[in-house]
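The lines below spell out each chain.
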Amino acid sequence: MSTIERAEVFVASPGRTFVTLRITTSDGVTGLGDATLNGRELAVASYLRDHLVPLLVGRDPARVEDIWQYLYRGAYWRRGPVTMTAISAVDTALWDIKGKTAGLPVYQLLGGRSRDGVLAYSHASGTDVPALLDDVQRYLDLGYRAVRAQAAVPDVGGTYGVRKGAIYEPAATALPEEQPWDTPSYLSFAPTYLEAVRDRFGFGFHLLHDVHHRLTPLEAAQFGKRVEDCRLFWMEDPTPAENQEAFRLIRQHTTTPIAVGEALTSVWDVQHLITEQLVDYVRTTVVHAGGITHLRRIFDLAALYQVRTGSHGATDLSPVSLAANVHLDLAVPNFGIQEYMGHAPETAEVFHGGVTFADGMLHPAEEPGLGVEYDERAAERFPYQARYLPVARRLDGSVHDW
Ligand code: KDG
Ligand code: MG
């Protein structure tokens, strides 16, 4: 029987920080898992190195479900982003190994293709409306059939989602940058640029918008109602998801579809949202919601309630977890859309292979496993750099949700 011989944790910052787990079996087969938790990377690296790696050595890598249950139930302390990201990395690496051992790409182990490709959306943004419109044009020219639109709120610096360089990277400073926030300014301005996008480009593509947890339920209901004529694919994270009943109020007032879940990490965290049909899209991912094994469980629950998938795919999801997500997206019946922001050029020096983009769709590699390799030598050129997401403060100085 093949056993897990070693499991190594790599922390490197090629363009941004990624934590990567590599499991090697006694047969010499390797599998990769993403363990990146933006701004809390070293906590997951330690959880893996200090607490999970010693439990893995000597186990049968083929027993993916059993290892998942062992790490989840066996910890006693359940859920939470650090635990779930660490379990995700192990699970993803084991699926990679299973695919390589079977000689099949992972999507074949998940039931095979349900579709020819995975619809992807990317991020258009601008420091003002003309710049946003130029950027939407750029994404449509690149072949995207779905585009997210965000513009800087006038006179309020540091709006969420507005790109400064070639790639939008919010975790950019060694300590958290403090950014101002003003809800009334956002509520009067954001609908106008979404309308400007529809006026200029029409309705022949999907338009998305991320509110990024900034509104109260009533404000979110007002926003959703106000932008109904824009026919958004979704408004994302309109209000923080700790109080899930809050979404019922939003629902009762608007038909704008709702997407939630990039910061949620287990089926129990989304159970109420799904079974009460309070959202339309669930944004949980392979990297933060327990790997392929657990994310499939979430997606299957969602399918029972006609909730579709729309997994998070920002720069802080490494090419490994993005690939794993796309394998799953390809297979599940209730796939909706996949976020795809791309990565900095340095990232491609370390992670080889992965998904490809063509005609608005993502495609996984056809090699056995996930189709991504980690270049350990190249990673040494990019030592770890601490980077934090910003923190938002209202104009009166109090802390707001970022
Ligand atoms: O780590 C947090 C980022 O990935 C997040 O702020 C990006 O909201 C985001 C999105 O929708 O991509
Ligand atoms: Mg988001």
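Per an unreviewed UniProt entry, the recorded name for the protein is D-galactonate dehydratase family protein, and the organism is Streptomyces millisiae.

Undergrad: When you look at the domain arrangement of the protein in this model, what are you seeing that I'm missing?
TA: A common way to report how large an interface is uses the accessible area buried once the components associate. Examined at the domain level, the protein breaks down into domain 1 (4-104) and domain 2 (109-369). Here the C-alpha centroids of domain 1 and domain 2 sit 26 Å apart. Contacts between domain 1 and domain 2 engage 33 residues on the former and 35 residues on the latter. For the pair domain 1 and domain 2, the two sides together bury roughly 2700 Å², of which 63% comes from carbon and sulfur. Put simply, domain 1 and domain 2 have 3 salt bridges between them. For Arg16, the salt bridge identified is with Glu169, shortest N-O distance 2.8 Å.

Undergrad: Which parts of the structure should I look at to understand the layout of surface pockets?
TA: Over the atoms, a rolling probe the size of a water molecule traces out where space has been left empty. Considered as a void within the structure, the largest pocket measures approximately 1200 Å³ in volume. Lining the largest pocket are 41 residues, with His213, Glu262, Ala263, Leu389 and Trp402 sitting closest to its centre. A per-class count over the lining of the largest pocket returns 19 nonpolar, 11 polar and 11 charged. Both domain 1 (4-104) and domain 2 (109-369) contribute no fewer than three residues apiece to the lining of the largest pocket. Taken together, 27 residues line the second largest pocket, and the ones lying closest to its centre are Lys164, Glu169, Pro170, Ala171 and Ala172. Residue composition of the lining of the second largest pocket, grouped by class: 9 nonpolar, 11 polar and 7 charged. Split by domain, the lining of the second largest pocket shows at least three residues from each of two domains, domain 1 (4-104) and domain 2 (109-369).

Undergrad: Help me out: how do you make sense of the coordination of the magnesium ion (ligand 2) in this one?
TA: Tetrahedral coordination by four donors sets the ideal angle at the metal to 109.5 degrees; octahedral coordination by six donors sets it to 90 or 180 degrees. Every protein donor of the magnesium ion (ligand 2) is listed here as Asp210 (OD), Glu236 (OE) and Glu262 (OE), and their distances to the metal cover 1.9 to 2.2 Å. All donors to the magnesium ion (ligand 2) come from one chain, and their sequence spacing reads D-x25-E-x25-E. Taken together, the residues Asp210 in strand E7 (residues 206-210) and Glu262 in the loop between strand E9 (258-260) and helix H9 (267-275) connect sequence positions 52 residues apart.

Undergrad: Got a minute to help me understand the pairing of strand E17 (residues 391-394) in this structure?
TA: Pairing of strand E6 (residues 178-181) with E17, which is carried by 4 bridges, proceeds in the parallel orientation. Within E17, the residue paired with Trp181 across the bridge is Arg394. If you look at the hairpin formed by E17 and strand E18 (residues 399-400), you'll find 4 residues sitting between the two strands, and Gly397 has a positive phi there, around 95°.

Undergrad: Help me understand the site of ligand 1, please; the structure alone is not making it clear to me.
TA: Around ligand 1 sit 15 residues in total, of which Asn38, His212, Glu262, Asp316 and Glu339 are the nearest. One nitrogen or oxygen atom from the side chain of Asn38 is found 2.8 Å from an oxygen atom belonging to ligand 1. Here Arg283 contributes a side-chain N or O atom positioned 3.0 Å from an oxygen atom of ligand 1. Protein coverage of the free-state accessible area of ligand 1, which is 330 Å², stands at 94%. The pocket occupied by ligand 1, as judged from atoms lying within 2 Å of grid points, is the largest pocket. Looking at the shell around ligand 1, its residues break down into 4 nonpolar, 4 polar and 7 charged.

Quick notes on the rules
Residues numbered from 1 in each chain as written. Chains lettered and ligands numbered in written order. Predicted model: local features only at pLDDT ≥ 70, side-chain atom pairs only at ≥ 80, totals over all residues. Heavy atoms only, no water. Domains from an automatic or database assignment. Contact = heavy atoms within 4.5 Å. Buried area = accessible area lost by both parts, 1.4 Å probe. Salt bridge = Lys/Arg side-chain N within 4 Å of Asp/Glu carboxyl O. 1 Å grid on protein atoms, 1.4 Å probe; cavity = no way out; pocket = protein on both sides within 12 Å on 5 of 7 lines; lining within 4 Å. Points joined across faces, edges and corners; volume = space filled by probe spheres on them. Nonpolar A, V, L, I, M, F, W, Y, C, P; charged D, E, K, R; others polar. Donors = N, O, S within 2.8 Å, 3.2 Å for Na, K, Ca; no water. Helix = DSSP H or I, 4+ residues; strand = E, 2+ residues; numbered from the N terminus. Pairing = 2+ DSSP bridges. Near = heavy atom within 4 Å. Polar contact = N/O pair within 3.5 Å; in protein donor to acceptor, adjacent residues only side chain to side chain. Areas by Shrake-Rupley, 256 points an atom, 1.4 Å probe, with all protein chains shown as cover. Sits in = over half its atoms within 2 Å of the grid points.

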